[in-house]
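Close look at the chain arrangement
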Amino acid sequence: MGQAIRPETKSIRTRAPRKPKKSQLPIALAVTALVIVSGFFLNRYNDQMGVYLLFGISFGVILQRSRFCFTASMRDPCITGSTSVTRAVLIAFALATIGFTAIKYSSYLKGEPIPGMSNVNQISFALVIGAILFGIGMVIAGGCASGTLMRVGEGFTMQMLSLVFFVIGSLWGAHDMGWWQANVIKDSPAVFLPDVFGWLGALIVQFLIILLLYIAAVKWQEKKMGSAE
């Protein structure tokens, strides 16, 4: 007698129904009301505090919606080959260059002190060490300062922990800054490009560097992913 052929039986797994998502509208309205009240409260003590609050919130919303992150601009080309965020950062640098040059050059023409010169810091071995440590730390933590703050607002526990140690590390660095200044930084040069190339020459040099980096980013993504979209 022939052996009976049993039809194959397939196990059917029933999925548990998904819980409906809770509406976040009440939370959004409550936060909006809190921001407005905070703005009025701060404005009583300083006319500029409300503007600062509005700017900070707007900046945070833009960061969160665009996923703009300096860490991703350096990390993604190495991990995924994508340079879309890298190119966005370069465009931001180019726009910032135009704005800051206009502000500084207008003060220069008026014979006034050039704003921001205290931030033209010396290039030293301390800068190299700091850049390496910060680069390692932000990749492990998954975000730089702006990215960490943005993800803390989204409720990421890892970034909350990173923020705690970010503050600790900043305080430690500020405590030891005097030693670095006296022993490593003090004899190092500080470079302000208009002093070297003139104002127009500095602008051309900076834009040329940004353009070359942008082209390199496009070529890198085409090599790794076959497209630079």
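Look above for the structure.
What this report covers is the structure whose coordinates are included nearby. Keep in mind that what you see is a predicted model, and the values were worked out from it rather than measured.

1. Considering helix 2 (residues 49-66)
Taking 1.5 Å of rise per residue, the 18 residues of helix 2 would be expected to cover 26 Å, and the 26 Å separating its terminal C-alpha atoms lies within 8% of that figure. Downstream of helix 2 by a residue or two, Arg67 has a phi angle that is positive, lying close to 60°.

2. Let's talk about the packing of helix 3 (residues 70-79) against helix 4 (residues 84-109)
Packing of helix 3 against helix 4 leaves a shortest axis separation of 8 Å and a crossing angle of 135°. Regarding the angle of helix 3 to helix 4, the classification is oblique. Judged by the twist between their axes, the crossing of helix 3 over helix 4 is left-handed. Along its contact with helix 3, which presents Phe70, Ala72, Ser73, Asp76 and Pro77, the element helix 4 presents Val85, Thr86, Val89 and Phe93. Of the residues belonging to the contact of helix 3 with helix 4, the class tally is six nonpolar, two polar and one charged.

3. Overview of the layout of surface pockets
Estimated volume of the largest pocket: approximately 1300 Å³. In terms of lining, the largest pocket is formed by 29 residues, of which the most central are Ile129, Gly130, Leu133, Phe134 and Gly169. At 13 residues, the largest contribution of residues to the lining of the largest pocket is made by helix 7 (residues 157-185). Within the lining of the largest pocket, the residues separate by chemical class into 16 nonpolar, 12 polar and one charged. Taken as a whole, the second largest pocket holds about 750 Å³ of empty space. Counting only elements with at least two residues in the lining of the second largest pocket, the list comes to helix 4 and helix 8 (193-225).

Conventions we followed
Residues numbered from 1 in each chain as written. Predicted model: local features only at pLDDT ≥ 70, side-chain atom pairs only at ≥ 80, totals over all residues. Heavy atoms only, no water. Helix = DSSP H or I, 4+ residues; strand = E, 2+ residues; numbered from the N terminus. Expected span 1.5 Å × (residues − 1). Axes fitted to C-alpha atoms, helices over the stretch in contact; angles between N-to-C directions. Parallel < 35°, antiparallel > 145°, perpendicular 65-115°, else oblique. Left-handed = near helix turned anticlockwise from the far one by under 90°. Contact = heavy atoms within 4.5 Å. Nonpolar A, V, L, I, M, F, W, Y, C, P; charged D, E, K, R; others polar. 1 Å grid on protein atoms, 1.4 Å probe; cavity = no way out; pocket = protein on both sides within 12 Å on 5 of 7 lines; lining within 4 Å. Points joined across faces, edges and corners; volume = space filled by probe spheres on them.

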